[in-house]
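# Structural overview for review
Chain by chain, the residues run as shown.
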Amino acid sequence: MTVTALCWNKKYLDMFAVGYGSYEFTPGKALKGMITIFSMKNTEFPLYVFKTHSGVMSIDFHPMYPNLLACGMYDGTVAVFDVMSKENEPIFLADDPNKKHWEPVWQVRWKKTVPGKPNSFTSISSDGRIVDWVMAKTELENIEVMTLKVNEKLEHEEEDDQQESNPGLAGGTCFDVSQSEDLYVVGTDEGKLRLYSKQYDTECIEKFKGHHHQIYTACWNKFNPKVFLTSSEDWCVKLWHLNCFEPIISFDLGRPVGDVQWAPYSSTVFACVCNGNFIRLYDLNVDKHEPLAEYQVPRKGKKKSSLTHLAFNPRDPVILVGDERGTVQVYKLSPNLRKMTASTLDKLEVDTETKKLDNVLILEGKVNKIFKKTDVGRKPESKTVGTEEAAAADE
């Protein structure tokens, strides 16, 4: 089976989960899946193993309750496992055809816990829906957050023939929620990239230039709330600003890029994995065009395989890398690859990291101008002449 998801525990930082499934969407290939829980103390044998009736496509540990693991599957089912339980069955399972997704669930993400309210998580699927799942007493209750249209119309955009002729849904493949939890950046299987806001009843408030093929990952910067990354099958990793229609920087890696993630220790460092078993780590503060480090994972056996996912440890200089053959490898970053502006992670200052990234990108003059899609076609506001200026003009 293929490694289809990787996730570190948010509390026990030496624990991680691995999701297994398949990206070969042929009959029988994605019928079964598995989740394994490992500790860094022993990476040879898993602590817990959970078997699923369908291939696992996405997983996520709860940020406050380390025993809760959300899971999205190939057949559209979502589930919640208690990883400390000795039972192999999930404690919550949404497999009702009238409630679950109709197609693969590409990503699940826990929401922030609100005191006095049940825990909930969000999922995105190829069926074009983003859904919130609430852990009620006996079942998962689903609340539809939004549907992704093939052609979204912005507030200041005029309706065109293409929007009228194709009113269907777009297949969602990835999303990320801002730290304030009001902005969703969403990628689709057609390469569309959009921004949705909960403050505007989850309407699309911005459309970006996007990619030419399916978008695999979208992730907000951990320090700068206006910057995010995307990776795609079109061989590119692109860095975006919230107010810029076109990417600030585009990296052409020459092969499909399966995953990209920001480092937790610097606002300018990210890593990606791509076909050919390559891991690349960039530090924009050092070089905005070439990777700071590149490593090709040795291929075992004659069968070709590609890297599928990676995950930075939230505390230690360690990354996990999974591949199509079901192997997960652990790498430790050398000191020159993990330079920080503070002695420890908890001493990092957000303002310092935000300014560092802004200085690297040289954003002035690139954003809030014609690149912004919502400004295209908007009529300039007419300026009213004050009474004093009018009087002076008459004189």
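Structure's up top.
Our subject in this report is the structure included herewith.

The strand order 1-2-3-4 describes an open sheet built from 4 strands, whose pairing is antiparallel. Single-partner strands in this sheet number two, and they are strand 1 (2-8) and strand 4 (48-52). Averaged over all neighbouring strand pairs, the angle between strand axes comes to 20°, with direction disregarded. Bridge analysis of strand 1 against strand 2 (residues 15-21) gives 6 bridges, and the strand direction is antiparallel. Each residue of the ladder has a partner; that of W8, found in strand 2, is F16.

Quick look at the sheet that holds strand 20 (residues 249-252) now. Within the open sheet, the 4 strands sit side by side as 17-18-19-20. Their pairing is antiparallel. At either margin of the open sheet sits one strand with a lone partner, and together these are strand 17 (215-220) and strand 20. With strand direction ignored, the average angle separating the axes of adjacent strands in the sheet is 15°. Pairing analysis gives 5 bridges linking strand 17 to strand 18 (residues 227-232), with the strands arranged antiparallel. Across the sheet, the residue bridging to A218 is T230, located in strand 18.

Turning our eyes to something else, we now look at the pattern of salt bridges. Counted under the stated rule, the structure contains 10 salt bridges. Note that D132 and K111 form a salt bridge whose closest N and O atoms lie 2.9 Å from each other. Of this pair, D132 sits in strand 11 (residues 129-135) while K111 is found in the loop between strand 9 (105-110) and strand 10 (120-125), placing the two residues 21 residues apart along the sequence. Considered together, D132 and K111 belong to a single accessibility category, that of buried residues. Linking E144 and R129 is a salt bridge whose minimum nitrogen-to-oxygen distance equals 3.5 Å. Placement of the pair is E144 in strand 12 (residues 140-147) and R129 in strand 11, with a sequence separation of 15 residues. Note on R129: relative accessible area 7%, which makes it buried. The structure contains a network of salt bridges with shared partners spanning D127, R129 and E144.

Bringing the nonpolar core into the picture now. Among the nonpolar cores identified, the biggest contains 22 residues, and V237, L239, F270 and L361 are the most heavily contacted of them. Sorting the residues of this core by element identifies strand 18, strand 19 (236-241), strand 20, strand 21 (257-262), strand 22 (269-274), strand 23 (278-283) and helix 2 (350-361) as the ones contributing at least two each.

Under the defined criterion, the tally for this structure stands at 16 aromatic pairs. Consider the rings of F251 and F270, whose centres lie 5.5 Å apart with planes at 65°: the pair is edge-to-face. Placement of F251 in strand 20 and of F270 in strand 22 is noted, with a sequence separation of 19 residues between them. Pair check on accessibility: F251 and F270 agree, each one buried. Grouped by ring-pair contacts, the aromatic residues F208, W220, F228 and W240 constitute a single cluster. Here the guanidinium or amino end of R129 rests over the ring plane of W102, the centre of that ring lying 4.4 Å away. Here R280 stacks its cationic end above the ring of F278, 5.5 Å away from the centre of that ring.

Here is what the cut-offs are and how they apply
- Residues numbered from 1 in each chain as written.
- Predicted model: local features only at pLDDT ≥ 70, side-chain atom pairs only at ≥ 80, totals over all residues.
- Heavy atoms only, no water.
- Pairing = 2+ DSSP bridges.
- Helix = DSSP H or I, 4+ residues; strand = E, 2+ residues; numbered from the N terminus.
- Axes fitted to C-alpha atoms, helices over the stretch in contact; angles between N-to-C directions.
- Salt bridge = Lys/Arg side-chain N within 4 Å of Asp/Glu carboxyl O.
- Buried < 20%, exposed > 50% of the residue type's maximum accessible area, 1.4 Å probe, protein only.
- Core = buried A, V, L, I, M, F, W, Y, C linked by side-chain atoms within 4.5 Å.
- Phe/Tyr/Trp six-rings, centres within 6.5 Å; stacked < 30°, edge-to-face > 60°.
- Lys NZ or Arg CZ within 6 Å of the ring centre and 35° of its normal.

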